[in-house]
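A look at the structure
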Amino acid sequence: MPQLPVFKTLAALGGAVFLLQMGSITQQARVWNNCVDNRFHQLKDWHKGKSPTELMNRSVNFCNGGAEEIP
């Protein structure tokens, strides 16, 4: 039954690659969330009368590479 050790090895390697990719994705998400949060609070100070939904939409657009807004 030589196929079983090969399968276990491939499964272990596949699992390791998956975990490495998840770490990278998690780090990217953390950086993006910090960008949105920081931009939201910055816009909240600049635009006191705007709705939180509009400010969040502008923050997400900015962190996704949208145009820079002038306060």
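Throughout what follows, the structure given in this document is the object of discussion. (Residues numbered from 1 in each chain as written. Predicted model: local features only at pLDDT ≥ 70, side-chain atom pairs only at ≥ 80, totals over all residues. Heavy atoms only, no water.)

Turning our attention to the overall build of the protein chain. Counting its regular elements, the protein chain contains two helices and zero strands. Carbon and sulfur atoms provide 65% of the accessible area of the protein chain, an area that totals close to 5,600 Å². (Helix = DSSP H or I, 4+ residues; strand = E, 2+ residues; numbered from the N terminus. Areas by Shrake-Rupley, 256 points an atom, 1.4 Å probe, with all protein chains shown as cover.)

Our next topic: the side chain of Ser-59. Counting through the fold element by element, Ser-59 comes out in helix α2 (residues 52-63). At 3.1 Å, the side chain of Ser-59 forms a polar contact with the backbone nitrogen of Phe-40. (Polar contact = N/O pair within 3.5 Å; in protein donor to acceptor, adjacent residues only side chain to side chain.)

Within a pair of aromatic rings, the relevant descriptors are the distance that separates the centres and the angle that separates the planes. In this structure the tally under the stated criterion is zero aromatic pairs. One cation-aromatic arrangement involves Arg-39 over Phe-62; the distance from NZ or CZ to the ring centre is 4.0 Å. (Phe/Tyr/Trp six-rings, centres within 6.5 Å; stacked < 30°, edge-to-face > 60°. Lys NZ or Arg CZ within 6 Å of the ring centre and 35° of its normal.)

Bringing the pattern of salt bridges into the picture now. Taken as a whole and judged by the stated rule, the model has two salt bridges. Put simply, Glu-54 and Lys-50 hold a salt bridge, and the shortest N to O gap is 3.6 Å. Using a relative accessible area of 31% as the deciding quantity, one classes Glu-54 as partly exposed. Measuring nitrogen to oxygen at the nearest pair gives 3.1 Å for the salt bridge that ties Glu-54 to Arg-58. Of this pair, Glu-54 and Arg-58 both sit in helix α2, four residues apart, roughly one helical turn. Where salt bridges share partners, they join Lys-50, Glu-54 and Arg-58 into one cluster. (Salt bridge = Lys/Arg side-chain N within 4 Å of Asp/Glu carboxyl O. Buried < 20%, exposed > 50% of the residue type's maximum accessible area, 1.4 Å probe, protein only.)

The next thing to look at is α2. Under the 1.5 Å per step criterion, the end-to-end length of α2 is 16 Å for twelve residues, consistent within 8% with the ideal 16 Å. Taken together, the buried positions of α2 are occupied by Leu-55, Ser-59 and Cys-63. The arc that holds the buried residues of α2, viewed along the axis, is 65°, so those residues lie on one side. Along α2, the residues that are exposed and aim more than 90 degrees away from the buried face are Thr-53 and Asn-57. A positive phi of about 100° marks Gly-65, the residue just after α2. (Expected span 1.5 Å × (residues − 1). Arc of directions from axis to C-beta.)

Okay, a nonpolar patch on the surface next. A surface patch of nonpolar side chains, about 400 Å² in accessible area, is lined by Phe-18, Leu-19, Met-22 and Ile-25. By the element assignment, Leu-19 lies in helix α1 (residues 3-46). The exposure class assigned to Leu-19 is exposed, which follows from its relative accessible area of 60%. (Patch = residues over 30% accessible without salt bridge, like charges linked within 9 Å, V, L, I, M, F, W, Y side chains within 5 Å.)

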